[in-house]
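Residue-level listing of the chains:
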Amino acid sequence: MSTSISIIGCGIIGATIAYELSRSTNECTIDVYDTHQPAQAATGAALGVMMGIISQKVKGRAWNFRKESIRRYQTLIPELEAATGEKIPHNSQGIIKLLSPEEDLSKWQQLIATRTEQEWQLELWNARKITTQLPQINHQFRGTAVYSPQDIQVDPVALTKALVAAAQLNGVKFHFDRSIDSIKADNPQSCELLTADSQTITTDRVIIAAGLGSTSLLAPHAPIDIQPVLGQALQIRLPQPLGNPAFQPVIVSEDVNIVSCGGTDYWVGATVEFPLDGVVTAQAADLEKVKQIAIEICPDLAQGEIIRTWQGLRPRPQHRPAPVIDRVGANQRVLVATGHYRNGILLAPATARIIGDMLSAG
Ligand SMILES: Cc1cc2nc3c(=O)[nH]c(=O)nc-3n(C[C@H](O)[C@H](O)[C@H](O)COP(=O)(O)OP(=O)(O)OC[C@H]3O[C@@H](n4cnc5c(N)ncnc54)[C@H](O)[C@@H]3O)c2cc1C
């Protein structure tokens with residue numbers, strides 16, 4: 001008899017797990033449940049910037065997850081486009097991180113040397129090269145930059161929808177607008193999901209990929225606390241593209257990303273706002289600060305019209321490193337993949353592979 005797997009949550013993490021499992025096995029039935037439609041929560045707010053090779057992580061789990069995910073994205077995006085016949089907007093022109101003149105360059109030189117040994121590319125650009133290649137950068141800029149040509153950015157909503165469509169083609173069943181209230185895991189042979197409309201679903205294995213919703217589902221099984229960190233972003237429409245239309249890498253400075261959406265639109269963000277006394281409230285001043293930093297980097301952004309602002313809550317684990325990928329529940333049949341905080345889009349493929357391995361291990 002085939003094993004039944006239930007995934008709770010259809011953000012980038014649940015959708016990637018569903019798709020990757022559907023590719024690797026036909027001995028399972030896979031069902032995905034989400035309170036809403038796919039990619040509505042943190043995933044719907046994300047900018048999709050993958051700070052992989054350019055991150056300061058060089059060893060251990062943090063680097064291995066990044067490396068594995070970057071490699072998988074090289075095949076995953078074309079694979080999904082071929083399966084669904086839909087384009088997934090993404091930017092393969094790299095990420096350029098601007099460094100102030102005061103920045104200690106030695107750590108970046110060390111990182112470049114390490115990445116070269118690891119057979120990845122990273123370049124240090126001087127101010128002259130920056131303004132030649134990227135004329136949109138403020139001509140007063142006197143610092144340097146690190147350019148990472150192999151890091152990418154992807155539209156997270158389009159990616160999640162493509163994962164869902166491709167997983168459906170492989171037989172995965174999605175149940176949207178269906179909330180799971182709790183999980184019973186005391187029977188050694190199976191688990192029970194209790195739905196918000198009082199149904200009971202019996203399943204062999206459960207994967208909790210519910211982002212901020214994971215804490216309450218996990219409460220009877222493991223005290224894993226996932227807290228929200230708010231992010232706000234905005235979309236600016238310009239009369240013409242910034243700089244050279246043929247070279248539009250993601251520009252990062254002081255943690256602010258300027259992301260070309262193709263054409264003359266740019267995403268700018270995001271704020272990082274921690275709860276105050278347990279309450280998360282978007283601060284208009286924080287979004288304004290992000291906008292001002294972006295205009296300081298690329299003064300032509302000031303000519304644009306803000307056509308959209310949005311916000312989302314990043315799922316951040318308390319008192320343990322992100323992400324949380326673990327086995328929980330009295331019968332050990334419940335797995336959790338959550339708390340990806342600021343890097344859920346980047347780390348989704350490695351997360352799915354680890355969950356696959358944990359399921360295979362029994
Ligand atoms: C403004 C902003 C910018 C970001 N930028 C980036 C970036 O550039 N790069 C990057 O890698 N990451 C970025 N992130 C982080 C990224 O968005 C998250 O790490 C990632 O989306 C988490 O994915 P997830 O699937 O775990 O959670 P979510 O996307 O939050 O999905 C969880 C899903 O579970 C469902 N759910 C919850 N409880 C239940 C329940 N009881 N029953 C059924 N369904 C349930 C929810 O409806 C939701 O759809 C950003 C986040 C924000 C807010």
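The coordinates are above.
Keep in mind that what you see is a predicted model, and the values were worked out from it rather than measured.

Draft legend 1. Representation of the overall build of the chain. The helix and strand inventory of the chain stands at 9 helices and 19 strands. Taken over the C-alpha trace, the chain has a radius of gyration of 21 Å; the compact-globule value for 362 residues is 21 Å, and the two agree within 12%. Expressed as a percentage of its 362 residues, the buried residues of the chain come to 44%. Contacts in the chain between residues at least 24 apart in sequence constitute 75% of all its contacts with a sequence separation of at least 6.

Draft legend 2. Fine view of the site of the ligand. Every one of the 43 residues lining the ligand counts as a neighbour, but Gly11, Gly211, Gly213, Gly231 and Gly344 are closest to it. For the shell around the ligand, the secondary structure elements donating two or more residues are α1 (12-24), α2 (42-45), β13 (226-237), β17 (305-317) and α9 (344-360). Residues that form the shell around the ligand fall into these classes: 22 nonpolar, 18 polar and 3 charged. Two domains share the shell around the ligand, each providing at least three of its residues, namely domain 1 (3-87 + 155-225 + 319-360) and domain 2 (90-152 + 227-316).

Draft legend 3. Geometry of the packing of helix α3 (residues 60-84) against helix α6 (residues 156-169). Across the interface, α3 lies against α6 with an axial gap of 9 Å and an inter-helix angle of 60°. Our classification of the angle between α3 and α6 gives oblique. The two elements α3 and α6 meet at a crossing, and its hand is left-handed. From α3, Leu80, Ala83 and Thr84 reach across to α6, where they touch Ala162, Leu163, Ala165, Ala166 and Leu169. In terms of residue class, the contact of α3 with α6 is made up of 7 nonpolar, 1 polar and no charged.

What counts as what
Residues numbered from 1 in each chain as written. Predicted model: local features only at pLDDT ≥ 70, side-chain atom pairs only at ≥ 80, totals over all residues. Helix = DSSP H or I, 4+ residues; strand = E, 2+ residues; numbered from the N terminus. Rg over C-alpha atoms; globule rule 2.2 N^0.38 Å. Buried ≥ 20, exposed ≤ 12 C-beta atoms within 10 Å, placed from the backbone. Contact = placed C-beta atoms within 7 Å. Near = placed C-beta within 6 Å. Nonpolar A, V, L, I, M, F, W, Y, C, P; charged D, E, K, R; others polar. Domains from an automatic or database assignment. Axes fitted to C-alpha atoms, helices over the stretch in contact; angles between N-to-C directions. Parallel < 35°, antiparallel > 145°, perpendicular 65-115°, else oblique. Left-handed = near helix turned anticlockwise from the far one by under 90°.

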